[in-house]
Amino acid sequence: MRELVERGIDSHGVLSDAPGGRGRRVTVNLGESPLGWLRSRGLVDARQVEAGERLRADYERAALAPSVTMRWVARVDGGGGDALDPTLAQIAAKRRFDAALDGAGRGLRDVLWRVVCAGEGLPDAERALGWPQRSGRVVLTLALDRLADHYGLG
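Residues numbered from 1 in each chain as written. Predicted model: local features only at pLDDT ≥ 70, side-chain atom pairs only at ≥ 80, totals over all residues. Heavy atoms only, no water.

Participant: Please clarify how the overall build of the protein should be interpreted in this entry.
Facilitator: For the protein, the helix and strand inventory stands at six helices and three strands. In sequence order, the secondary structure elements of the protein are arranged as β-β-β-α-α-α-α-α-α. Per-residue burial for the protein yields a buried fraction of 35% across its 154 residues. Contacts spanning at least 24 positions in sequence make up 59% of the contacts within the protein whose residues lie at least 6 apart. If you sum the accessible surface of the protein, you get close to 9600 Å²; carbon and sulfur atoms cover 53% of it. (Helix = DSSP H or I, 4+ residues; strand = E, 2+ residues; numbered from the N terminus. Buried < 20%, exposed > 50% of the residue type's maximum accessible area, 1.4 Å probe, protein only. Contact = heavy atoms within 4.5 Å. Areas by Shrake-Rupley, 256 points an atom, 1.4 Å probe, with all protein chains shown as cover.)

Given below as structure tokens:
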């Protein structure tokens with residue numbers, strides 16, 4: 001199922017639902033990610049999804065995922081007027097990502113990374129972590145709550 005929504009993305013790579021604004025606009029399929037799948041079934045709330053999306057945005061901005069294609073050369077005109085150059089933005093995103101995982105705490109980092117960043121489904125994450133079936137959602141919701149607290153989400 002395709003759940004397409006328009007989102008703004010600021011110079012730090014953080015997605016936002018706010019209309020207008022100066023950043024780029026991207027179309028996101030909420031049904032693609034395991035977090036979107038859980039949200040569409042009411043298994044996680046909007047605050048938890050926002051926290052997960054912030055973490056994933058920093059993960060992607062920091063370019064921590066393995067590359068599968070060529071990295072294209074940056075635009076000559078400087079692009080969208082970002083305040084930070086690409087290298088500094090990548091370093092800042094890596095620091096935010098590390099701080100967010102530290103804020104989630106030990107024991108919760110693994111499930112956050114696997115489900116939110118790597119896009120693993122909960123059954124796969126449970127197997128990889130050696131957890132009982134259907135225990136992953138409880139741990140993931142705790143991790144997302146801790147992450148939302150780290151970000152100061154209401």
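From this point on, the discussion continues.
Participant: Would you mind going over the pattern of salt bridges with me for this structure?
Facilitator: When their charged atoms lie close together, side chains carrying opposite charge are able to pair. Enumeration according to the criterion identifies nine salt bridges in this entry. As a salt-bridge pair, Arg127 and Asp124 come within 2.4 Å of each other at their nearest N and O atoms. Of this pair, Arg127 and Asp124 both sit in helix α5 (residues 122–129), three residues apart, roughly one helical turn. For Asp124, a relative accessible area of 40% gives the class partly exposed. Each of Arg47, Asp145 and Asp149 takes part in a single network of salt bridges with overlapping partners. (Salt bridge = Lys/Arg side-chain N within 4 Å of Asp/Glu carboxyl O.)

Participant: Hey, could you run me through unusual backbone geometry in this one?
Facilitator: Of note in this structure, Arg134 is not a glycine but carries a positive phi near 65°. Take Arg134: it is sitting in the loop between α5 and α6 (136–151).

Participant: What is the right way to look at the packing of aromatic side chains in this model?
Facilitator: Where two aromatic rings form a pair, the distance of their centres and the angle of their planes describe that pair. Inspection of every chain in the model, using the stated rule, returns one aromatic pair. Judged by centre distance (5.6 Å) and plane angle (45°), the rings of Tyr59 and Phe97 are tilted. Placement of Tyr59 in helix α2 (residues 46–61) and of Phe97 in helix α3 (residues 86–104) is noted, with a sequence separation of 38 residues between them. You'll find Tyr59 and Phe97 in the same group, each marked buried. Over the ring of Tyr151 we find Arg54, and its NZ or CZ is 5.4 Å from the ring centre. (Phe/Tyr/Trp six-rings, centres within 6.5 Å; stacked < 30°, edge-to-face > 60°. Lys NZ or Arg CZ within 6 Å of the ring centre and 35° of its normal.)

Participant: Hey, could you run me through the nonpolar core in this one?
Facilitator: It is characteristic of soluble globular proteins that their nonpolar side chains tend to be buried jointly. Residues Leu55, Leu112, Val116, Leu140, Leu144, Leu147 and Tyr151 are the most contacted members of the largest nonpolar core, which totals 27 residues. Mapped onto this core, the elements with two or more residues apiece are α1 (34–40), α2, α3, α4 (109–117), α5 and α6. A per-element tally of this core places α6 first, with seven residues. Ignoring sequence-local partners within four residues, the contact set of Leu147 consists of Ala51, Gly52, Leu55, Ala100 and Leu112. (Core = buried A, V, L, I, M, F, W, Y, C linked by side-chain atoms within 4.5 Å.)

Participant: Please clarify how the environment of Val138 should be interpreted in this entry.
Facilitator: Along the polypeptide, Val138 turns up in helix α6. For the pair Val138 and Leu43, spaced 95 residues apart in the sequence, the C-alpha separation amounts to 9.7 Å.

Participant: Help me out: how do you make sense of α2 in this one?
Facilitator: Working note: α-helix, 3.6 residues per turn, so residues spaced by three or four point in the same direction. In this model, α2 (16 residues) spans 22 Å end to end at C-alpha, consistent with the 22 Å of a helix rising 1.5 Å per residue. Those residues of α2 not exposed but buried are Gln48, Val49, Ala51, Gly52, Glu53, Leu55, Arg56, Ala57, Asp58 and Tyr59. A distance of 3.2 Å separates the backbone nitrogen of Arg47 from a side-chain oxygen at the start of α2, and that oxygen is part of Asp45. Just downstream of α2 lies Ala63, where phi reads positive at about 55°. (Expected span 1.5 Å × (residues − 1). Polar contact = N/O pair within 3.5 Å; in protein donor to acceptor, adjacent residues only side chain to side chain.)

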